[in-house]
Amino acid sequence: KKPVVERYIETIKPRIGQLNEKARKAKHQGANESDTRLIINAVLTAVLGYKLEDIKTEQRVPGGGKGRADYLLAVDDKNLIAASVISASVGASG
């Protein structure tokens, strides 16, 4: 039996491929932060399986002083990941 992480990767890999083309187009069309957020929302929900109610936007980061996160991801009402969004970028060399 394969490890859970390996099975998870196999499950999401095709979904990532589907969204990768959208991200490439967005980058080449000069996507702004709002456009990039639409792609990120799709990745978080369709690829990674987050529920919309677990995705908070424009949130103050607990313990982060005056800092704000574009995204705050939670599971079972526990904040797990804080992230900021600038613009679309694909790959290390884009």
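Anyway, here's the lowdown on the structure attached to this text. (Residues numbered from 1 in each chain as written. Predicted model: local features only at pLDDT ≥ 70, side-chain atom pairs only at ≥ 80, totals over all residues. Heavy atoms only, no water.)

Before going further, it helps to spend a moment on the overall build of the protein chain. A tally of regular secondary structure across the protein chain gives 2 helices and 3 strands. Among the 94 residues that make up the protein chain, the fraction classed as buried is 23%. Of the contacts formed within the protein chain by residues at least 6 apart in sequence, a portion of 38% connects residues at least 24 apart. Accessible surface computed for the protein chain: about 6,800 Å², of which carbon and sulfur atoms make up 54%. (Helix = DSSP H or I, 4+ residues; strand = E, 2+ residues; numbered from the N terminus. Buried < 20%, exposed > 50% of the residue type's maximum accessible area, 1.4 Å probe, protein only. Contact = heavy atoms within 4.5 Å. Areas by Shrake-Rupley, 256 points an atom, 1.4 Å probe, with all protein chains shown as cover.)

As a further point, take the sheet that holds strand β2 (residues 68–75). Read from one edge to the other, the open sheet built from 3 strands follows the order β1-β2-β3, with strand pairing classed as antiparallel. Of all strands in the sheet, those with a lone pairing partner are β1 (55–60) and β3 (78–83), marking the two edges. Each strand axis lies, on average, 40 degrees off the axis of its neighbour in the sheet, ignoring direction. Note that β2 and β3 share 5 bridges and pair antiparallel. Residue pairing in the sheet places L73 in a bridge with I81 of β3. Taken strand by strand, helix α2 (residues 33–47) contacts β1 and β2, and its axis lies near 10 degrees from that of β2. (Pairing = 2+ DSSP bridges. Axes fitted to C-alpha atoms, helices over the stretch in contact; angles between N-to-C directions.)

For the structure on display, the rule yields 3 salt bridges. E10 is the partner of K2 in a salt bridge, and the nearest nitrogen-oxygen pair spans 2.5 Å. Its relative accessible area of 39% is what places K2 among the partly exposed residues. Judged by relative accessible area, which is 41%, E10 ranks as partly exposed. If you follow the salt bridges from partner to partner, you end up with R37, E58 and D70 in one network. (Salt bridge = Lys/Arg side-chain N within 4 Å of Asp/Glu carboxyl O.)

A word on a nonpolar patch on the surface. On the surface, a nonpolar cluster with roughly 360 Å² of combined accessible area is contributed by V5, Y8, I9 and L48. When you line up the elements, I9 lands in helix α1 (residues 4–28). (Patch = residues over 30% accessible without salt bridge, like charges linked within 9 Å, V, L, I, M, F, W, Y side chains within 5 Å.)

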